[in-house]
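# Tertiary structure, described
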Amino acid sequence: MIERPIAVFMAFTACFIVGLVTYFTLPVSLLPDIAIPEITVQVSAKNTSARELENTVVKILRQQLIQVSKLKEMSSETRDGSGIIRLNFDYGTNTDLAFIEVNEKIDAAMNYLPKDTDRPKVVKASATDIPVFYLNLTLKSDSAYGRTDEQAFIRLSQFAEGVIKRRIEQLPEVAMVDITGLVEQQVQIVPDENKLAVLGLSIEDLENTLNKNNVEPGSMTVRDGYYEYNIKFSTLLRTKEDVENILIRKEERIIRLGDFCRVTVVPVKEKGVSISNGKRAVTLAVIKQADENMDDMKQAVTGTMDYFKKVYPDIDFKVSRNQTELLDYTISNLQQNLSLGFILICIVAVLFLGDVKSPFIIGLSMVVSIVISFLFFYLFKVSLNIISLAGLILALGMMIDSSIIVTENISQYRERGYTLRRACIAGTSEVITPMLSSSLTTIAVFIPLVFMSGIAGAIFFDQAFSVTVGLMVSYFTGIMLLPILYLLVYRTGIRRKSWFSGIRIHNPLKAHTLDRFYDAGINWIFSHKTSSLLFCGISVPLCVVMFFFIRKERMPELDRNELAVRVEWNENIHVDENSRRVDGVFKTFKKETVEEAAAVGEQDYLLNNEQTLSPSETELYFKTEKPSEIEPLQQAIAGFMKSNYPLAVVSFSPPETVFEKLFVTGEPDIVAELYARKKQKAPTPETLRGLERRFSVHTGYEPTGIAFENQLDIHIDQEKLLLYRVSYDELYRTLKTAFKENSVATLHSYQQYLPIVIAGEDQTVNEVLRNTLVQTQADKEGKVDYIPLNNLISVTPTEDLKTITAGRNGEYIPFCFYGVKDAESLVKQVKEEAGNTGDWDTAFSGSFFSNREMMDELVIILLISILLMYFILAAQFESFVQPLIVLLEIPIDVAFALVLLWICGHTLNLMSAIGLIVTCGIIINDSILKLDAINELRKEGVPLLEAIHEAGRRRLRPIIMTSLTTIFAMVPLLFSSDMGSELQKPLSIAMIGAMFIGTLVSLFIIPLIYWVIYRTKEIR
């Protein structure tokens, strides 16, 4: 390449310019675009009990869906009126094809479901369906934790749905706006029972009259001379007055409906509300277009919010759970870490090389390598995200290795008296093969990571891609562009005197200082051979012991200042009482938080893949000033709930983000699944509560409680129905009317449809049963009578499971355990305790088992990586023994990295394990360079011990510099608090620990092992 420097230089310049242009067009996202392999089937059956729905619909659907190909896990939850089936597939599954197959299975199952069953809804999970932020609209006139102006809030609801929602959806970056917390209205008809009796009218007569007066039969076209008209028949009810003016003919009388019924427009009975900072709110969930840039969306939405605040001063606009801030903070921090790592690396190069020219050449080649890497990002459609940027930071320290080695080798040839041009050619040619081997061994470590199962393999493709591209680009830059830059810069300095060529830096790390350090170290090692070899021998069992001793988890714990709390009050309370309790919780912890929000009861979101909240459930959201305040807040909330609401079932988790959706960090450590052996009899609540208490006593861990609900079972006396001539339909109609559930028609106003409901007066359940009369059928003489409701029915209070849970093997009772220290002991104790009853079969799941499976897989990947590295090294050295010498330092490095992780309070997780595996591929590069130099010297006839010393001196500076640059590239991640840095921190600690001890092993221990093996042999 030196023979045609201009062509090479211009080619790299062109690639640099194209890479720079593509950098500004790369999409920016929090995480890689990964298809979440999850499909949910949502079943809706109004007025159907959980048990009936499970037996007649959900169970049949499970039996069909279990046949779907590549299905990994299946679970279902059934409640009164609704059910949800979750299907989880292996990562890499084509979810589009799976979606089609699931729909086909549901179509096949429809033949076996009850005739009136609505077709279940199938929803494919997507990271883009997770809201980018929530917008809470509250009235400034409302006071926190006080009563809400109902009419004003109705107007706010209409305004939010009709104006704000539509305005935000007009932004090109927004896919849709989901909305909840609205107050809807209905037309309520309350008949006067006494007048009904006098007039001889029944509820059925009212229903029929309303339906007859609310029809639209269609239209017809008629001609009249030259003209043609469209005649339309319409008797639709459009206003409250239309309903009041309906005429009813009874015998010989024509009666106006408003004369015996009270017609009003009232709010619909609420099943859920949204709360923000103690005020009732309308909440809008803003969802981003899949292919839009997050930064562009942030700017567009910020501008829109500023406009709203100016135009509508009576409304508070509060943005909550804003992921655009998280993305902006995380990406900018990682970019700063990349720049800071680059600066630290350049400082190291200046200190070791002693002038400005060589660091300038190295720095310039690195900049070119990084920018050209962005071109490959663009070509392979890889976004800038926390994984790919962290991969570049990881590759940064390795990318400079090629430049340092080439520059240092050229400098050494110049010191031997070679001309500048000849030194560039000889110095570069000598290291092409060992550098390629070093790059390939590092890449060989990443290749198996891509084939990991689950989310790990899917998400770390971007990291492997970043490192692979960075290393290969820097390799070719080092052997092609850097010699030309070296030639041009140093030739310029020789031809004419300039300020740049005259700069000299006082270098405290002179060669003879490093040589003295190396000679002292190698002499000490060789004079203490037994101790040194014993050190190596101890490292292997230490590595095994630390692997089993250190705590393991799937992902590192991230510092968060947000907390989500899900509360099942486990009592039959309505939404108003639920809201009152939520206000009490918020008031108690107001001083500890900066933001509070709650979804109380059922929510109106269209894109909801989870089980709908019931009126007795709530999801609380807290945000604190600092992440360190979350743990005390969680403990305080748990204590408050236990003392004030002992029946409540409380669970804590991070708020839903793309990260949480992918990694499922809130999963219980252990889930004990209890399958009843006696299928014909349902377990009683007393039995399950007794099991829960025994598990708590014998294991020392309190499982998350099981939610029950109190029910009223109504038994109809069929004999009395026949005796009093009361039809079942009339009885059912009367009950629905008394409990305000009798929706009979729809009022078609201009842009709004309001349900028309026939309702009774406000009464308690006992008052309804005591005071409500049911009309009998006419006797032979045409007379009707009225029978008290409590003469025909009896009511029995019962208690049952609120949610019926099932999986592949049928129904089970789940007991969830969190914060488990000794999982195997807990599993054994639960199994024994459940087995003692003789009524249960047990199975277990949870994060403990998935983490163990992942760790086993990582061990296999490490072994595969070592095997790949052995093959590459055997091909380079043309020896079966020398690769073993190089690979011997891996257990030493891993052992001390695990010790450092344990000392720093970190766990062995996916990130730290990947750091260890990656370091194994990096650290042996130093040993490769050293052994290659020893072999070359011995081929020239240099004695073994002298060759070891001379090779050590030649490769000393490159080895120390490459190690320091890799370490300094990781250092900025240790002092940042964004999600990307927190995610990579265990990886950085593992790499820094392994690199530090590995450098010492490469410098001093590897030569000793080489000497032990080859002291009686010669290299040929």
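Structure: above.
Described in the following lines is the structure provided in the data block. All values reported here derive from a predicted model rather than from experimental measurement.

What follows covers the overall build of the protein. Within the protein, the secondary structure is distributed over 30 helices and 29 strands. For the protein, with 1020 residues in total, the buried portion stands at 52%. Put simply, 80% of the contacts in the protein that link residues at least 6 apart link residues at least 24 apart. Here the protein has roughly 47500 Å² of accessible surface; of this, 55% comes from carbon and sulfur atoms. Distance between charge centres in the protein, computed from 101 positive and 121 negative side chains, equals 6 Å.

Let us now look at the pattern of salt bridges. With the rule as written, the count across this model stands at 31 salt bridges. Of the charged contacts, one joins Arg581 and Glu577 as a salt bridge, the two residues approaching to 3.0 Å between their closest N and O atoms. Highlighted residues: Arg581 and Glu577, both in helix H17 (residues 575-588), separated by 4 residues, approximately one helical turn. On the basis of relative accessible area, Arg581 is assigned to the buried category, the value being 7%.

Turning next to the packing of aromatic side chains. This structure, assessed with the given rule, holds 28 aromatic pairs. With a centroid separation of 6.1 Å and 45° between ring planes, the pair formed by Phe308 and Tyr312 is classed as tilted. The rings of Tyr23, Phe24, Phe374, Phe377, Phe380 and Phe465 are connected pair by pair, giving a single aromatic cluster. Cation over ring: Arg416 sits above Tyr413, and NZ or CZ is 4.5 Å from the ring centre. The side chain of Arg689 reaches across the aromatic face of Phe708, ending 4.5 Å from its centre.

Sheet strands pair by backbone hydrogen bonding; their relative direction is either parallel or antiparallel. Sheet architecture is open: 8 strands sit in the order E4-E1-E3-E2-E27-E28-E20-E29, paired in antiparallel fashion. Each edge of the open sheet is held by one strand with a lone partner, namely strand E4 (121-124) and strand E29 (840-845). Going across the sheet, the axis of each strand differs from the next one's by a mean of 30°, ignoring polarity. The sheet strands contacting helix H20 (residues 685-699) are strand E20 (670-676), strand E28 (810-817) and E29, and the helix crosses E28 at an angle near 40°.

Time to look at unusual backbone geometry. The backbone of Lys740 sits at a positive phi, close to 60°, despite the residue not being glycine. Locating Lys740 in the fold gives a position in the loop between helix H22 (728-738) and strand E22 (742-748). Positive phi, normally seen in glycine, also occurs at Glu878, with a value near 55°. For Glu878, the position within the fold is in the loop between helix H25 (847-877) and helix H26 (882-887).

Moving on to a negative patch on the surface. Where like charges cluster on the molecular surface, the negative patch consists of Glu161, Glu184, Glu602 and Asp604. Structurally, Glu602 can be placed in the loop between strand E17 (595-601) and strand E18 (617-623).

This part is about helix H24 (residues 823-837). Between its first and last C-alpha atoms H24 spans 22 Å; for 15 residues at 1.5 Å apiece the expected length is 21 Å, and the two agree. Contact partners of the buried residues in H24: E20, H20, E28, E29 and H25. Gly838 lies just past H24 and shows a positive phi near 75°.

This part covers the environment of Glu562. Turning to its location among the elements, Glu562 is positioned in strand E16 (residues 562-568). Residues Glu562 and Glu595 lie 33 residues apart in sequence; the distance between their C-alpha atoms is 9.2 Å. Once residues lying within four places of it in the same chain are set aside, the contact partners of Glu562 are Arg321, Tyr621, Phe622, Lys623, Ile630 and Pro655. A polar contact is formed between the side chain of Glu562 and the side chain of Tyr621, at a distance of 2.4 Å.

Where helix H4 (residues 150-169) meets helix H8 (residues 294-311), the closest approach of the two axes is 11 Å, and the angle between their N-to-C directions is 155°. Here H4 lies roughly antiparallel to H8, going by the angle between them. Pair H4 / H8 crosses with right-handed handedness. Where H4 approaches H8, its residues Ile164, Arg167 and Ile168 are matched on the opposing element by Thr304, Met305 and Phe308. Looking at side-chain class alone, the contact of H4 with H8 contains 4 nonpolar, 1 polar and 1 charged residues.

Along the chain, Thr283 turns up in strand E14 (residues 279-288). A distance of 2.8 Å separates polar atoms of two side chains, one belonging to Thr283 and the other to Asn136. With near-sequence residues (within four places) excluded, Thr283 lies in contact with Tyr134, Leu135, Asn136, Asp178, Ile179, Thr180, Ser274 and Tyr605.

This part covers a nonpolar patch on the surface. On the surface, Met220, Tyr226, Tyr227, Tyr229 and Ile231 cluster together into a nonpolar patch covering about 640 Å² of accessible area. The dominant element in the nonpolar patch, judged by the number of residues it contributes, is strand E9 (residues 227-233), at 3 residues.

This part takes up the pairing of strand E1 (residues 38-44). Here is the key point about a regular strand: its side chains alternate between the two faces of the sheet. In terms of residue burial, E1 counts as a mostly covered element, since 6 of its 7 residues are buried. Sheet topology note: the E1/strand E3 (residues 82-89) ladder contains 7 bridges and is antiparallel. Each residue of the ladder has a partner; that of Gln42, found in E3, is Ile84. For E1 and E4, the ladder comprises 4 bridges, and the chain directions are antiparallel. In the strand pairing of E4, Val41 is matched with Val122.

What counts, and where the lines are drawn
- Position numbers for residues start from 1 in each chain and track the written sequence from start to end.
- Side-chain atom pairs in this predicted model are given and counted only at pLDDT of 80 or more, local residue features only at pLDDT of at least 70, and totals for whole chains, interfaces and linings cover all residues.
- With hydrogens and water set aside, each side-chain value is computed from the structure's full complement of heavy atoms.
- Strands here are runs of E lasting at least two residues and helices are runs of H or I lasting at least four, both read from the DSSP assignment and numbered beginning at the N terminus.
- For every residue, the accessible area (1.4 Å probe, protein chains only) is compared with the maximum for its type, and the residue is labelled buried under 20%, exposed over 50%, or partly exposed between those bounds.
- Any two residues having at least one pair of non-hydrogen atoms within 4.5 Å are treated as being in contact.
- Under the convention used here, a 1.4 Å probe and the Shrake-Rupley method define accessible areas, while residue burial counts only the protein chains that appear.
- Only four residue types enter the charge count: Lys and Arg as positive, Asp and Glu as negative, with His and the chain ends excluded.
- The location of each charge is read from NZ of Lys, CZ of Arg, CG of Asp or CD of Glu.
- A pair is scored as a salt bridge if a Lys or Arg side-chain nitrogen falls within 4 Å of a carboxyl oxygen belonging to Asp or Glu.
- Pairing of aromatic rings covers Phe, Tyr and Trp, the last through its six-membered ring, and needs centres within 6.5 Å; plane angles under 30 degrees mean stacked, over 60 mean edge-to-face, and all others mean tilted.
- Comment: the charge-over-ring label is applied if NZ (Lys) or CZ (Arg) is within 6 Å of the ring centre and within 35 degrees of the ring normal.
- Whether two strands pair depends on DSSP finding at least two bridges between them.
- To define axes, lines are fitted to C-alpha atoms, for helices over the stretch in contact only, and angles between the resulting N-to-C directions are given on a 0 to 180 degree scale.
- A patch consists of residues exposed above 30% relative accessible area that lack any salt bridge, with like charges linked at up to 9 Å and nonpolar side chains (Val, Leu, Ile, Met, Phe, Trp, Tyr) linked at up to 5 Å.
- A helix is expected to span 1.5 Å for every residue after the first.
- Within 3.5 Å is the distance limit for a polar contact, defined as a pair of N or O atoms, with the added protein rule that one can donate a hydrogen and the other accept it, and that residues adjacent in sequence qualify only through two side-chain atoms.
- For classification, angles of less than 35 degrees are called roughly parallel, those exceeding 145 degrees roughly antiparallel, those between 65 and 115 degrees roughly perpendicular, and all remaining angles oblique.
- Here a crossing is called left-handed whenever its near helix is offset anticlockwise from the far helix by less than a right angle, and right-handed whenever the offset is clockwise.
- Throughout this entry, Asp, Glu, Lys and Arg are counted as charged residues, while Ala, Val, Leu, Ile, Met, Phe, Trp, Tyr, Cys and Pro are counted as nonpolar. The remaining residues, Gly among them, count as polar.

None of this, on its own, says anything about what the molecule does.
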